[in-house]
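# Overview (structure and organization)
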There are 2 protein chains.
Amino acid sequence: MIRKFIFGNPIETEALVDSQSIQGMSVEKPGQGIPHFAARLAGEESSWELALDMGERDIIYGLGENIRGINKRGWIYESNCTDDPVHTEGRRELYAAHNFFLVDGRERLGVFVDAPQKVTFDFGYSRRDRLVVTVDPGGFVLYILEGGSSRQIVREFRGIIGRSYIPPRWAFGYGQSRWGYMCEDDIRQVVREHRKKGVGLDSVYMDIDYMEDYKDFTVNQERFPDFPRFVQEMRDQKVHLVPIIDAGVKIQEGYPVYEEGVKEGYFCKKEDQTEFVGGVWPGRVHFPDMLNEKARAWFGDQYKFLLDQGIDGFWNDMNEPALFYGEDHLAEVFEKLEEYSGQELDIQSFFAVKDLVLGLAGRKEDYRTFYHEYRGQRVRHDRVHNLYGYYMTRAAGEAFDRLKPDKRILMFSRASYVGMHRYGGLWTGDNCSWWSHLLMNLQMLPGLNMCGFLYSGADLGGFGDDATEDLLLRWLELGIFVPLMRNHSAKGTRRQEFYGFDHAEDFRGIIGLRYGLLPYLYSEFMKAALTGDMMFLPLSFVYPEDPEAAGVEDQLMVGDGMMIAPVYRQNARGRYVYLPEDMKLYRMRGVDSLESQVLPAGHHYVRAELNEVLVFVRRGHVVPMSEGGCCVEDVDMSSLRLLHFVETEGVYELYYDDGERKDVRLEEGITRILVRADKTVETEGLLSPRCQLI
Amino acid sequence: MIRKFIFGNPIETEALVDSQSIQGMSVEKPGQGIPHFAARLAGEESSWELALDMGERDIIYGLGENIRGINKRGWIYESNCTDDPVHTEGRRELYAAHNFFLVDGRERLGVFVDAPQKVTFDFGYSRRDRLVVTVDPGGFVLYILEGGSSRQIVREFRGIIGRSYIPPRWAFGYGQSRWGYMCEDDIRQVVREHRKKGVGLDSVYMDIDYMEDYKDFTVNQERFPDFPRFVQEMRDQKVHLVPIIDAGVKIQEGYPVYEEGVKEGYFCKKEDQTEFVGGVWPGRVHFPDMLNEKARAWFGDQYKFLLDQGIDGFWNDMNEPALFYGEDHLAEVFEKLEEYSGQELDIQSFFAVKDLVLGLAGRKEDYRTFYHEYRGQRVRHDRVHNLYGYYMTRAAGEAFDRLKPDKRILMFSRASYVGMHRYGGLWTGDNCSWWSHLLMNLQMLPGLNMCGFLYSGADLGGFGDDATEDLLLRWLELGIFVPLMRNHSAKGTRRQEFYGFDHAEDFRGIIGLRYGLLPYLYSEFMKAALTGDMMFLPLSFVYPEDPEAAGVEDQLMVGDGMMIAPVYRQNARGRYVYLPEDMKLYRMRGVDSLESQVLPAGHHYVRAELNEVLVFVRRGHVVPMSEGGCCVEDVDMSSLRLLHFVETEGVYELYYDDGERKDVRLEEGITRILVRADKTVETEGLLSPRCQLI
């Protein structure tokens, strides 16, 4: 059951496919009957506070991309898309605004706070037993979902926000990226090394350096003299190039995107109707008004420039939008710095100088100085800040539907809001090469799935700071299960391609497992997308009656038949694992190197050497694997190996399609694989694979 | 067995009590026979590199205050005392330089790199199987210790570096601190709230705001109008005030410390013989030349100002020395900023401006612009950088011996080098209110002990960022075992006194346990100090034959009879614990609330609610507890309760003394407590406590 409450005059976000289809109740004043919550006006006019008392053991799931555990209780979070790459435990804001959460305890309810402005979630931070949501002025819509299991509540939510984005199947292959690939030869080397050592690879990502002066929809002619030819050269090696697109458009005479945008009035403007100027990678830029329907269509059409050259995948970046500085404020800062110059600084003045410079980036006040034309209204940016990345990605997604109606195009974004999941996936932004971020990667996945972000992933090995070989290996051992499997790192950090390390055979084995597991992973992804289900689930979503399962923060259910328990501690040669039921453990070093063992329900310490992955198969379940391959198109579906824990009978419904078509139907893609107690296998449906039990 | 190798012309650090007593071999050129290591000149003249191949399972312990695990393998560390408060996994330098490590695997050896300049420890970072130590130019002494167990090697090392600092017993009580206590009433409130709620308290710390304009050895007269009276008022309530002392001396006419220092030439000078000017809390400061014997004695004598007013404890801060800016370079920066002003900045120029300002603090080049007079020689600061904090604390320690020969004075420092452990303890600097820093606190303890730093601890609850009630509680549950038990937090963060949270009874219970456990903790501390042993040991130091124990990173042996396993994850209601042998678990909520249970050797999941501490007692061991109290002097030694896991017989040798005397002897303080199989107890020695088995 979904109930809808309207506070003030909210701005329509288009998070829901059809928000009008649900009848809402207008909340005019505090004390009006909102179920579960005590609602009151907080401080500022039309800023609301919703409070809920929690039971000692209540768990809070959700909030999508965020720090901390699967259980979000005990911290305060802000939905306020922010470009801040150092995701320590003390942060409150990340790149995304995913305002759905689920309280599971004395009561079970799903809550979606549909608000494009800043929202604060105090989940037992101020008081251990109290949940308080505070919404900045501007009105919002509250959805309360109840009835059934946690998983059912999520499915109901997913039903109203619409089908998740589906990428082409090649985008489930391994991708190598680094901020710093400068030219054709840099990329050729990546491909050569992977192919030479037999390490899987489907894509190479192109960070900002492929552009001319960081200008969107340009390719540097010196470093990529014949780009379409180079794109084809890579395709001949079964590699897709995936260029980055930034939000800001460089201010430069003669640059058509800039000139056209100015001419048509497509950039965000200040109060005085002149274009807002910010500083990001290209230097001075304007921000396209992605919320303006016409500007959005125009920006989306720009992707054609690269599509026409053979590109079939993109990542949208810097779309919080990130701001290194606002030009007007920068001038003020320089003026103030001049005042300090020559003075004898006391410590207060010294810190004032420091704060002036440190305070330039992502300054809240700057976001209050420009406007959007949105649904016929002029709206100040901060009122709709959290929609910007969503609408940039929507610009692309809508353009792809026009330009490539029959072909899936890879698309994922950094900033996002619920609703964007229909147009693209996301990566979780600039993480660091920290073991704690490996665990955080795992812990984010269920929350992302709840908000419809199925095609998502973190930078494997970590973006900032220096990675070690063991960190990268362990991280890949999680990454092989995650739809967006990309190794990415920052300029200035240690190189992170596998061949920069000593044990190529370990990487070949682990990355090979991705291609081995592809039949299962693609199938589970597609089933989740087409039925509105989650692919990554907290254990408690599958074993709701098990109190021990509710406390597990470092294992996940992956699809229907599998549980994973990655090692995320340096120097560990194993880890503790909780089994809510008897399971069969497959300890894998590669597609051809695995051993299995049935473990009883309960707590276990399980050995896992640095090059070993633990896969747990549930009783009565079958997990199909391929024989592997070095890219997705080489994965042979005619011959499957079946992980299985079958005593009486086990069935797996394998989904498969051409990996390109947009118009897909679940029932058309199913192959039913039946494993009987006597170890015979029968298949029926789309495919007729040879099957081998392993 | 200790072997000593001299590379180049090293500067004597006085890390050892008598470095001349060990015969050394001069290493003139690479290839000369250093056991275990391949030594070669690296890059720069007289910069050496020592390399060692590691076995797959070798563990590296040590490096004292550092990030990452008990096992230091898999990262690169730098000994280069640095004021950097954000201790993420990517950091290489912290506040201290603790150059002792122990390799345990195919071979077992202790290594001490006695070098006051920067040393880099690549412990399997560049290559998983290789350990490389690189010492910056300037010569150094290498000590290699072999023979016996890990614990024996550490004891041998401790034997040559001398007896650890012993604080007064009251310093084992709970201390409350916050940067931001401004005046008498702020402190009175702290004391009142603790006494009112029956929460233990022995000390309140005074951060920089007690001073007049941050001038060392001054007290703000407005806010503390009669300081000696206030000190006495606090002593009447059994509370000790512990003021901070910073390294830099404010440049201010009329300020006697400044004027005398200039007159006598006691400050560090630049090449041109003028005093170096840096910026820290007081604004412009000079740095006393702590390495100069006369200046050191002079600086030490300044503590008399506060000793005379009744103060009996201090903490030395900012003594890396921290540098917000060097004055000469600040002028250069302002000049450059002026050049940029008014220009249209491209992105490179923008980052150049940002880097100019961000690069001011702790700038390496600034440390090369001033000099010390050390042992009759003029030495550039960077050559002896890591000694500064050591010698500042030595200044105090030597002064206390002169000024208070019969009374222990509390002293601990932020920056340190091996050798300083004879003059004071340390706290581990500006950590953050992060769960990961709770674990890091635990993981640092054995390494600190190896280098003689027994009286040490981290800021409980975390200094930077905002703490939650559960984090503080869980952190205190570790903190009650740690000699320096202090709750400290930064200005601008959430208040962290227990009474800012909702569950005073939980804090009363947990902090009460500290006073309950005091007989054991003080006794174990003193035995470790007087015999050169460790108080906190990795499990493998006690169970060297147990391969599982070697991998345990989140439990510690505390003294002879106890193992601890704190919970360090938010929302956890228990944790996994590995027992190398059968142990008796005491689950405690306070001195009067505990339950026990014998657990067999092996892996366990053990329940531990938020207000519960797990204490494991080893077979055949006895752990004496008091009945608690609200301060150390109220702990009643005439009545003891005995935690015990005794089947045949168990003996505990309890050490006790007056808690003040400096001249202590182990054998004079022992009370032998014998628990027999029939549950009778017999005591013999210094004390005659009534004993009750619990």
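A few points on the structure. All figures in this text were calculated on a predicted structure; none of them were measured in a lab. (Residues numbered from 1 in each chain as written. Chains lettered and ligands numbered in written order. Predicted model: local features only at pLDDT ≥ 70, side-chain atom pairs only at ≥ 80, totals over all residues. Heavy atoms only, no water.)

The next point concerns the overall build of chain A. Secondary structure assignment for chain A yields 14 helices and 43 strands. Here chain A has a C-alpha radius of gyration of 25 Å; the compact-globule value for 694 residues is 26 Å, and the two agree. Along the three orthogonal principal directions, the C-alpha set of chain A runs to about 80 × 65 × 55 Å. Sorting the 694 residues of chain A into buried and exposed places 67% on the buried side. Put simply, chain A shows about 22400 Å² of open surface, and 45% of that area lies on carbon and sulfur atoms. (Helix = DSSP H or I, 4+ residues; strand = E, 2+ residues; numbered from the N terminus. Rg over C-alpha atoms; globule rule 2.2 N^0.38 Å. Buried < 20%, exposed > 50% of the residue type's maximum accessible area, 1.4 Å probe, protein only. Areas by Shrake-Rupley, 256 points an atom, 1.4 Å probe, with all protein chains shown as cover.)

Residue and element names in this part refer to chain B. The terminal C-alpha atoms of helix α9 (residues 388-403), which comprises 16 residues, lie 22 Å apart, in line with the 22 Å expected from a rise of 1.5 Å per residue. Buried residues dominate α9, accounting for twelve of its 16 residues. Restricting attention to buried positions, one finds in α9 the residues Tyr388, Gly389, Tyr390, Tyr391, Met392, Thr393, Arg394, Ala395, Ala396, Gly397, Ala399 and Phe400. (Expected span 1.5 Å × (residues − 1).)

Bringing the nonpolar core into the picture now. Membership of the largest hydrophobic core comes to 504 residues, with the highest contact counts inside it found for Phe101(A) and Phe101(B). Ignoring anything within four residues of it in the chain, the contact list for Phe101(B) reads Phe37(B), Ile60(B), Tyr61(B), Gly62(B), Leu63(B), Leu109(B), Gly110(B), Val111(B), Phe121(B), Phe123(B), Leu131(B) and Val133(B). (Core = buried A, V, L, I, M, F, W, Y, C linked by side-chain atoms within 4.5 Å. Contact = heavy atoms within 4.5 Å.)

All names here are of chain A. Relative to the assigned elements, serine 79 resides in strand β6 (residues 75-79). Between the C-alpha atom of serine 79 and that of alanine 247, which follows or precedes it by 168 residues, the distance is 20 Å. Looking at serine 79, its side chain comes within polar contact range of the side chain of asparagine 99, at 2.5 Å. (Polar contact = N/O pair within 3.5 Å; in protein donor to acceptor, adjacent residues only side chain to side chain.)

Before going further, it helps to spend a moment on the interface of chain B and chain A. Residue-level contacts link 67 residues of chain B with 67 residues of chain A. In total, about 5900 Å² of surface goes out of reach between chain B and chain A, with carbon and sulfur atoms giving 55% of it. Contact with chain A buries area across many residues of chain B, yet Arg128(B), Phe334(B) and Tyr576(B) alone supply 13% of it, more than any other trio. If you look at where chain B meets chain A, you find twelve salt bridges. For Arg569(B), the salt bridge is made with Asp554(A), and the minimal N-O distance between the two is 3.7 Å. Applying the counting rule to chain B against chain A returns 30 residue pairs in polar contact (both at pLDDT 80 or more). Breaking the side of chain B that touches chain A down by element, the ones donating at least two residues are β19 (283-286), α7 (327-340), α8 (347-358), α10 (435-450), α11 (469-479), β33 (574-579) and β36 (602-607) of chain B. Here the element with the most residues in the side of chain B that touches chain A is α8(B); it accounts for seven residues. In terms of residue class, the side of chain B that touches chain A is built from 29 nonpolar, 14 polar and 24 charged. (Buried area = accessible area lost by both parts, 1.4 Å probe. Salt bridge = Lys/Arg side-chain N within 4 Å of Asp/Glu carboxyl O. Nonpolar A, V, L, I, M, F, W, Y, C, P; charged D, E, K, R; others polar.)

In screw terms, the move from chain B to chain A is a rotation of 180 degrees and a rise of 0.0 Å along the axis, fitting with an RMSD of 0.0 Å. A rotation of that kind, with that shift, is consistent with a two-fold axis. Taken as a fraction of all interface residues of chain B, those also at the interface in chain A reach 100%, which identifies the copy contact as same-surface. (Least-squares fit on C-alpha atoms with pLDDT ≥ 70 in both.)

Turning our attention to a negative patch on the surface. A cluster of acidic residues, Glu332(A), Glu335(A), Glu338(A), Glu339(A), Glu332(B), Glu335(B), Glu338(B) and Glu339(B), forms a negative patch on the protein surface. Counting only elements with at least two residues in the negative patch, the list comes to α7 (327-340) of chain A together with α7 of chain B. As for its position among the elements, Glu339(B) is in helix α7. (Patch = residues over 30% accessible without salt bridge, like charges linked within 9 Å, V, L, I, M, F, W, Y side chains within 5 Å. Lys, Arg positive; Asp, Glu negative; His and termini not counted. Charge placed at Lys NZ, Arg CZ, Asp CG, Glu CD.)

Turning our attention to the packing of α11(B) against helix α12 (residues 504-531) of chain B. All names here are of chain B. In the contact formed by α11 and α12, the axes pass within 9 Å of each other and the chain directions differ by 15 degrees. Of the possible angle classes, the one that applies to α11 and α12 is roughly parallel. Classified by chirality, the crossing of α12 by α11 is left-handed. Of α12, the residues touching α11 (which contributes Glu469, Leu472, Leu473, Leu476, Glu477 and Gly479) are Asp506, Phe507, Ile510, Ile511 and Arg514. Tallied by class, residues from the contact of α11 with α12 come to six nonpolar, one polar and four charged. (Axes fitted to C-alpha atoms, helices over the stretch in contact; angles between N-to-C directions. Parallel < 35°, antiparallel > 145°, perpendicular 65-115°, else oblique. Left-handed = near helix turned anticlockwise from the far one by under 90°.)

What follows concerns unusual backbone geometry. A cis geometry characterises the amide bond from Glu320(A) onward to Pro321(A), with omega recorded as -5 degrees. You can see Pro321(A) is positioned in the loop between β20 (313-317) and β21 (325-326). Positive phi is not limited to glycine here, since Glu14(B) has a value of about 60 degrees. In this fold, Glu14(B) is placed in the loop between β1 (2-7) and β2 (24-27). For Glu14(B), a relative accessible area of 18% translates into the label buried. Despite not being glycine, Met318(B) shows a phi value in the positive range, around 60 degrees.

Looking now at the packing of α7(A) against helix α8 (residues 347-358) of chain A. All names here are of chain A. Relative orientation of the contacting elements α7 and α8 amounts to 160 degrees, with a least axis distance of 10 Å. Here α7 is positioned roughly antiparallel relative to α8, judged by the angle of their axes. For the crossing formed where α7 meets α8, the hand is left-handed. Between α7, through Val333, Lys336, Leu337 and Tyr340, and α8, the contact on the second element is made entirely by Ser349, Ala352, Val353, Leu356 and Val357. Looking at the contact of α7 with α8, its residues break down into seven nonpolar, one polar and one charged.

Residue and element names in this part refer to chain B. The three strands lie next to each other as β38-β39-β43, forming an open sheet whose pairing is mixed. Sheet topology places β38 (621-625) and β43 (690-693) at the edges, where each strand pairs with a single neighbour. Mean inter-strand twist for the sheet, computed between neighbouring axes without regard to direction, equals 30 degrees. As paired elements, β38 and strand β39 (residues 639-645) share five bridges and run antiparallel to each other. (Pairing = 2+ DSSP bridges.)

Attention now goes to the sheet that holds β20(A). Residue and element names in this part refer to chain A. Strand order in the open sheet formed by nine strands is β27-β26-β24-β20-β15-β14-β13-β29-β28, and the pairing between neighbours is parallel. Each end of this open sheet is capped by a strand with a single partner; those strands are β27 (456-457) and β28 (459-460). As defined by bridge partners, strand β13 (residues 174-176) adjoins strand β29 (residues 485-487) across three bridges and the pair is classed as parallel. Bridged to tyrosine 174 within β29 is methionine 485.

Under the definition given, this model contains 111 aromatic pairs over all chains. Aromatic side chains Phe412(B) and Tyr455(B) sit 6.4 Å apart centroid to centroid with 50 degrees between the ring planes, which places their arrangement in the tilted category. In this pair, Phe412(B) is assigned in strand β24 (residues 410-413) and Tyr455(B) in the loop between α10 and β27 (456-457), connecting sequence segments 43 residues apart. Assessed through its relative accessible area of 0%, Phe412(B) is described here as buried. Ring pairs connect the aromatic residues Tyr165(A), Phe172(A), Tyr205(A), Trp315(A), Phe412(A), Trp427(A), Tyr455(A), Tyr522(A), Phe525(A) and Tyr655(A), which therefore count as one cluster. The ring of Tyr255(A) carries Lys215(A) above its face, with NZ or CZ at 5.2 Å from the centroid. (Phe/Tyr/Trp six-rings, centres within 6.5 Å; stacked < 30°, edge-to-face > 60°. Lys NZ or Arg CZ within 6 Å of the ring centre and 35° of its normal.)

Let us now look at the pairing of strand β23 (residues 377-380) of chain B. The side chains of a regular strand alternate between both faces of the sheet. Residue and element names in this part refer to chain B. Pairing between strand β22 (residues 370-374) and β23: four bridges, direction antiparallel. Within β23, the residue paired with glutamate 373 across the bridge is arginine 378. Following β22, the chain reverses through two residues before pairing antiparallel with β23; arginine 375 in that reversal takes a positive phi of roughly 50 degrees.

Okay, the pattern of salt bridges next. Evaluated as defined, the whole model comprises 133 salt bridges over all chains. For Arg414(B), the salt bridge goes to Asp430(B), with nearest N and O atoms at 3.5 Å. Of this pair, Arg414(B) sits in the loop between β24 and β25 (416-417) while Asp430(B) sits in the loop between β26 (425-427) and α10; the two residues are 16 residues apart in sequence, bridging distant segments of the chain. Taking the relative accessible area as the measure of exposure, Asp430(B) reaches 12% and is therefore buried. Several salt bridges converge on common partners, so that one network encompasses Glu14(A), Arg296(A), Arg375(A), Arg394(A) and Glu398(A).

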